[in-house]
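Examination of the molecular architecture
In case you want the letters, here they are:
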Amino acid sequence: MKDLDSRLRTLARAEETPLPEGFEARLGETLSALPERRRGGRPLRTAILAACVCLALAGTVLAVESGLFARVLRPGDPEFHDIQEDLPYELGYDVAGNWVVTTPAGAIPAEDFSPAVRDLAAEAVEQYAWTSAEDWQAAEDFVGRELPRFPHLAGQPGRTIYRSGEDGADEALGSCLVEVFTDGDGALTNVSVRECVEMTGDDQGLAVDVELLMATDAWDREEFRRDLTLSPGLLEVMEQRDYPTAWGGTAVILQAGDTACEAVVDWHGSMVSLSVSGGSGARTLLQALLDGME
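Residues numbered from 1 in each chain as written. Predicted model: local features only at pLDDT ≥ 70, side-chain atom pairs only at ≥ 80, totals over all residues. Heavy atoms only, no water.

Per the secondary structure count, the chain includes five helices and 15 strands. Expressed as a percentage of the 294 residues in the chain, the buried residues total 55%. Of the roughly 12100 Å² that the chain leaves accessible, carbon and sulfur atoms contribute 46%. (Helix = DSSP H or I, 4+ residues; strand = E, 2+ residues; numbered from the N terminus. Buried < 20%, exposed > 50% of the residue type's maximum accessible area, 1.4 Å probe, protein only. Areas by Shrake-Rupley, 256 points an atom, 1.4 Å probe, with all protein chains shown as cover.)

Centre-to-centre distance and the angle between the planes together describe a pair of aromatic rings. In this structure the tally under the stated criterion is four aromatic pairs. Taking the centre distance of 5.8 Å and the plane angle of 80° together, the rings of tryptophan 136 and phenylalanine 150 count as edge-to-face. Of this pair, tryptophan 136 sits in helix H3 (residues 136-143) while phenylalanine 150 sits in the loop between H3 and strand E6 (161-164), and the two are 14 residues apart along the sequence. Like tryptophan 136, the residue phenylalanine 150 is buried in the burial classification. Ring plane angle 25° and centroid distance 5.5 Å describe the contact between tryptophan 219 and phenylalanine 224, whose orientation is recorded as stacked. For tryptophan 219, a relative accessible area of 11% puts it in the buried group. Assessed through its relative accessible area of 0%, phenylalanine 224 is described here as buried. (Phe/Tyr/Trp six-rings, centres within 6.5 Å; stacked < 30°, edge-to-face > 60°.)

Reading predicted coordinates in detail is not appropriate for stretches of low pLDDT. Looking at the chain as a whole, its pLDDT mean stands at 78, while 74% of the residues score no less than 70. Low pLDDT, under 50, characterises residues 1-64; the stretch is placed with 210 contacts to residues that sit more than four places away or in other chains. (pLDDT = per-residue confidence, 0-100. Contact = heavy atoms within 4.5 Å.)

What follows covers the state of the cysteines. As used in these notes, a disulfide is a covalent bond between sulfur atoms, one from each of two cysteines. A complete count under the given rule lists zero disulfides for this structure. There is no disulfide at cysteine 196, and the cysteine sulfur nearest it, in cysteine 176, is 9.0 Å away. Given a relative accessible area of 1%, cysteine 196 falls into the buried group. (Disulfide = S-S within 2.5 Å.)

For the rest of this paragraph, the subject is the side chain of arginine 226. Note that arginine 226 resides in strand E11 (residues 223-230). Overall, the relative accessible area of 4% leaves arginine 226 in the buried class. Within the structure, arginine 226 has its side chain in polar contact with the side chain of glutamate 262 (distance 2.7 Å). (Polar contact = N/O pair within 3.5 Å; in protein donor to acceptor, adjacent residues only side chain to side chain.)

Turning our eyes to something else, we now look at unusual backbone geometry. Note: most residues except glycine have negative phi, and most peptide bonds are trans. The phi dihedral of glutamate 126 falls on the positive side, at around 55°, and the residue is not glycine. Tracing the backbone shows glutamate 126 in the loop between helix H2 (115-122) and strand E5 (128-132). Under the relative-accessibility criterion, glutamate 126 is labelled exposed at 60%. With phi around 70°, glutamine 127 is a residue other than glycine that occupies positive phi space. Among the structural elements, glutamine 127 can be located in the loop between H2 and E5.

What follows concerns the environment of histidine 81. In this fold, histidine 81 is placed in the loop between strand E2 (69-73) and strand E3 (97-104). Sequence separation of histidine 81 and valine 95 is 14 residues, and the distance between their C-alpha atoms is 8.6 Å. When neighbours within four sequence positions are excluded, histidine 81 is seen to be in contact with Asp86, Val95 and Asn98.

This paragraph deals with the pattern of salt bridges. Inspection of the entire model under this criterion finds eight salt bridges. Of the charged contacts, one joins glutamate 140 and arginine 149 as a salt bridge, the two residues approaching to 2.7 Å between their closest N and O atoms. With a relative accessible area of 32%, arginine 149 lands in the partly exposed category. Measuring nitrogen to oxygen at the nearest pair gives 3.8 Å for the salt bridge that ties glutamate 211 to arginine 226. (Salt bridge = Lys/Arg side-chain N within 4 Å of Asp/Glu carboxyl O.)

Our focus in this paragraph is the side chain of glutamate 262. Assignment of secondary structure puts glutamate 262 in strand E14 (residues 260-267). A relative accessible area of 1% means that glutamate 262 is categorised as buried.

Structurally, tryptophan 267 can be placed in strand E14. In the structure, tryptophan 267 is positioned 18 residues away from glycine 249 in sequence and 8.0 Å away in space, judged by C-alpha atoms. Beyond its immediate sequence surroundings of up to four residues, tryptophan 267 is in contact with Pro148, Trp247, Val272, Met293 and Glu294.

Right under this line is the structure:
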């Protein structure tokens, strides 16, 4: 997490945006609030958008024909959630809003996943279990299903994913994870594949975080939900827009000019989330990743 802290502080200074009070003490976490998951034990999201990168907000609600829906929740909204209530440490800033994106959830029969995934689910503690994979291809082999491909990420070095413990300390997990979630009866409900990379070559210095979230027929919800925590300064200056991809899908993007951005897109009934940060080419790379999905 320390390398991410440094990157965000540098980026914020480059944007000439004042850091919120307490920023140096702790960065906020980004949550995906879809499957029920353990508090404090979930691998950290790269909070590139929750940590005060300068953005610009254009409207609070966005709906598109694909079924993707994005909105900003503020204190007083029945669905607003202050993540600080769940954390054993201080964020260092007030939670001023949640950026929430939902996409339709397709139901994949649990038996269509590999025996390795079902075995991992049988080992779940508090309805959650995870394992590391060498890379995206290895994760696909483990899951036993074809995953979307991102040609721009092929051969790029991994970047460590961390998990925050109850004491606030960070534990290194690896650069590619497969996570499984179960219901109260132990039935497999969700499978997530996540990879973090550090770009080289023309995109040197940019960091990418990609996650695919799938649901089984045992899950009792009809949509996925992605939830980002917003600081007061960030809420004032964010920009949100829809983006038609080259393959006919529609993504929603939350961006910080050209330096940091997040996108969510539906992929045949699964949710794909992409985060890019670290430099002036972030927006261009994000759009290339979205267009190049196959």
